[in-house]
Amino acid sequence: MKAMRTSKLLSLCGVWTLMVGLASAAQTLTMATEATFPPYEFLRGQEVVGIDVELSRAVAQRLNRPFAVENMDFDSVIPAVISGKAQLAASGITVTPDRKKNVDFSEPYVTTGIVAIYPKTTPYTAPEQLKGKKIGVQGGTTSDTYVLEQLKQEPERFKTTAEACAAMLAGRCAFVIADIAPAKNCVKGEARLALSGFLSSESYAIAVAKGQPELLAAVNATIAAAKADGRLAKWVDDYTAESDKLKEVAASSAEASAKSGVAAWLSAQWRALCDDVYLCFLKKAADGSSRGMYLVRGLGITLEVALASILLGLMLGFFVAVIRSSHDKYGYFPVMNAVAKVYLTIIRGTPMVVQLLITYYIILRSVDSKVLIAILAFGINSGAYQAEIMRAGIVSIDPGQMEAGRALGLSYWQTMLKIILPQAVRNVLPALGNEFIVLMKDTSIVGYIALIDLAKGGDIIRSQTYSVYLPYLTVAAIYLVLVMSFTWLLGRLERYLRNTGADPVHNDS
């Protein structure tokens, strides 16, 4: 009997081991990247493509695992690997001693370098010319490190190289230092800019988390095989050619505008604007969708996160406000009041972007839904501010209202929900509306956790077209329309309450 039990136990263990092994084999291999770095990674419609993507996909094929790509800000790709949100970080990442302390790197798969971008009106001759000048860089890159360590000064940091170049053309900085690939794309078709020679050389590699020798070995074997059979060279040629086309229409527009002459300036400007509109919003991608769909889909994400966060914040804010005001007036709920004060102190004392990153990388690191993570992070943050707004409204209600409710036989909670809170909400409606507006605009930071919202959609269009002004002005206009629409609805609600005599703020009767 014991032998039979032992045999069954061993069989169960064997089945369990097999199931775990199969599950491990089927685990998705996720690559973290920022898809604004052609030809290494960029967007073809909704799909992230590029040299790094092909290389990482080949690693997944070698390991017989499904493959996925997470598009996020460059500063977040290595933290994504460290936290386990992704298994590979491939975004034109240069190997540096500081980065090697936190992650392991593969063998380099390409050697490149950084260059200076400069206006032709200020010719560049030597690296010494850069010292003491305002230098624009993409924050967190080796260009950033070069300015700090070699030039011994603080750079002007931007999210992308294209934004740095736009700032340089606007007179905000004298030079821009960047990797050669994005630098070439920024200069292409821009007659006012030129490139220097290499300031330094560097190598790109793929980052994996510490303590994963098998994965690192698979990455190195894939790189070696891709170099040997010519796949890597083909990817470089193919994606360089494709990424070069991203700016062709913009370049032709600029050339046509330059040739139009002073007499036809207005006509030329109009044609250039129409070309930019077509390039940024109407031109079809390889998947058949227009670039404007980035804004449409991003608007959906923005509204989903904002509205759900507002509702969550309202519920949490009401609960905390009742606890705090009940303790202040009657001494109820001392323990819950202490917890609420800690919650308010932490949430209101730390930046929203830090709370979002902590929620994504630490608290909810095992949750796959980034929309859910964003809703919880923004809802909890908004709840703290709404709680204090609601508490002010509750305190403003005459204490006789509570006494009257209790005298009518209502419990404390019934009196609070049916008599006190409705009046408090009416008192603080303008302040709550302002908090909702701030929350809607704050959702623009969800790009840090690889969500493509309205702001990120505009950034993607800018990265593909190198047209800075039109995408960002359009995003700003959409946010303005959203805020104005919400303000109008809030005004209608206030007028309704005033006309029905239900608004204690404006009711003089």
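Residues numbered from 1 in each chain as written. Predicted model: local features only at pLDDT ≥ 70, side-chain atom pairs only at ≥ 80, totals over all residues. Heavy atoms only, no water.

Okay, the sheet that holds strand E9 (residues 135-138) next. Reading across from one edge, E10-E9-E11-E8-E12 is the order of the 5 strands in this open sheet, with mixed pairing throughout. The sheet is open, and its two edges are formed by strand E10 (156-158) and strand E12 (193-204), each paired on a single side. Across the sheet, the mean angle separating the axes of adjacent strands is 25° when strand polarity is ignored. Across 2 bridges, E9 lies against strand E11 (residues 175-179) in parallel orientation. Considered in E11, the bridge of Ile135 is made with Phe175. Of the strands in this sheet, strand E8 (110-119), E9, E10, E11 and E12 are in contact with helix H5 (residues 142-149), which crosses E11 at around 130°. Against the sheet, helix H6 (residues 161-169) touches E8, E9, E10, E11 and E12, its axis set at about 165° to E11. (Pairing = 2+ DSSP bridges. Helix = DSSP H or I, 4+ residues; strand = E, 2+ residues; numbered from the N terminus. Axes fitted to C-alpha atoms, helices over the stretch in contact; angles between N-to-C directions. Contact = heavy atoms within 4.5 Å.)

To continue, consider the pattern of salt bridges. According to the stated counting rule, one finds 16 salt bridges in the structure shown. A salt bridge links Arg157 to Glu154; its shortest N-O distance comes to 2.9 Å. The exposure class assigned to Glu154 is exposed, which follows from its relative accessible area of 55%. What you see here is one network of salt bridges that share partners, running through Arg324, Asp328, Glu388 and Arg391. (Salt bridge = Lys/Arg side-chain N within 4 Å of Asp/Glu carboxyl O. Buried < 20%, exposed > 50% of the residue type's maximum accessible area, 1.4 Å probe, protein only.)

Turning next to the pairing of E11. Burial of E11 is extensive: 5 of the 5 residues sit out of reach of the surface. Pairing between E8 and E11: 4 bridges, direction antiparallel. Within E11, the position partnered with Val115 by the bridge is Ala178.

As a further point, take unusual backbone geometry. Note on backbone geometry: most residues besides glycine have negative phi, and most peptide bonds are trans. A cis geometry characterises the amide bond from Pro38 onward to Pro39, with omega recorded as 5°. Residue Lys152 is not a glycine yet carries a positive backbone phi of 60°. Relative to the assigned elements, Lys152 resides in the loop between H5 and E10. Despite not being glycine, Ala450 has its phi angle at roughly 70°, a positive value. Mapped onto the elements of the fold, Ala450 is located in the loop between helix H18 (429-442) and helix H19 (454-465).

The subject of this paragraph is H19. The first and last C-alpha atoms of H19 sit 17 Å apart over 12 residues, in line with the 16 Å expected at 1.5 Å per residue. With 11 of 12 residues buried, H19 lies mostly within the body of the structure. Every buried residue of H19 is listed here: Leu454, Lys456, Gly457, Gly458, Asp459, Ile460, Ile461, Arg462, Ser463, Gln464 and Thr465. (Expected span 1.5 Å × (residues − 1).)

Attention shifts here to the nonpolar core. In terms of nonpolar packing, the biggest core is built from 53 residues, with Met72, Val77, Phe378, Ile394 and Met416 touching the most fellow members. Per-element tally for this core: the top contributor is helix H15 (residues 370-396), with 9 residues. Dropping the residues within four chain positions of it, Phe378 is found in contact with Val305, Ser309, Met352, Leu356, Leu439, Asp442, Thr443, Ile445 and Val446. Residues Leu232, Trp235, Cys280 and Phe281 belong to the second largest nonpolar core, which totals 40 residues. (Core = buried A, V, L, I, M, F, W, Y, C linked by side-chain atoms within 4.5 Å.)

All right, on to the sheet that holds strand E4 (residues 47-49) then. Read across the open sheet, the 3 strands follow the order E2-E3-E4; overall the sheet is antiparallel. Each having just a single partner strand, strand E2 (36-37) and E4 make up the two edges of the open sheet. Sheet topology note: the E2/strand E3 (residues 41-44) ladder contains 2 bridges and is antiparallel. Pairing of Thr36 across the sheet is with Phe42, part of E3.

The tally for this structure, following the rule as stated, stands at 12 aromatic pairs. Pairing Phe37 with Tyr204 gives two aromatic rings, centres 6.1 Å apart and planes at 65°, and the pair type is edge-to-face. Remark: Tyr204 occurs in strand E12 and Phe37 occurs in strand E2; sequence separation between them is 167 residues. Here the two residues Phe37 and Tyr204 agree in accessibility, since each one is buried. Between Tyr332 and Tyr412 the ring centres are 5.2 Å apart and the planes differ by 80°, which places this aromatic pair in the edge-to-face class. With Tyr332 in the loop between helix H12 (292-330) and helix H13 (334-349) and Tyr412 in helix H17 (residues 412-427), this residue pair connects regions lying 80 residues apart in the sequence. Here a set of aromatic residues connected by ring pairs shows up, and it is made of Tyr332, Phe333, Tyr412 and Trp413. (Phe/Tyr/Trp six-rings, centres within 6.5 Å; stacked < 30°, edge-to-face > 60°.)

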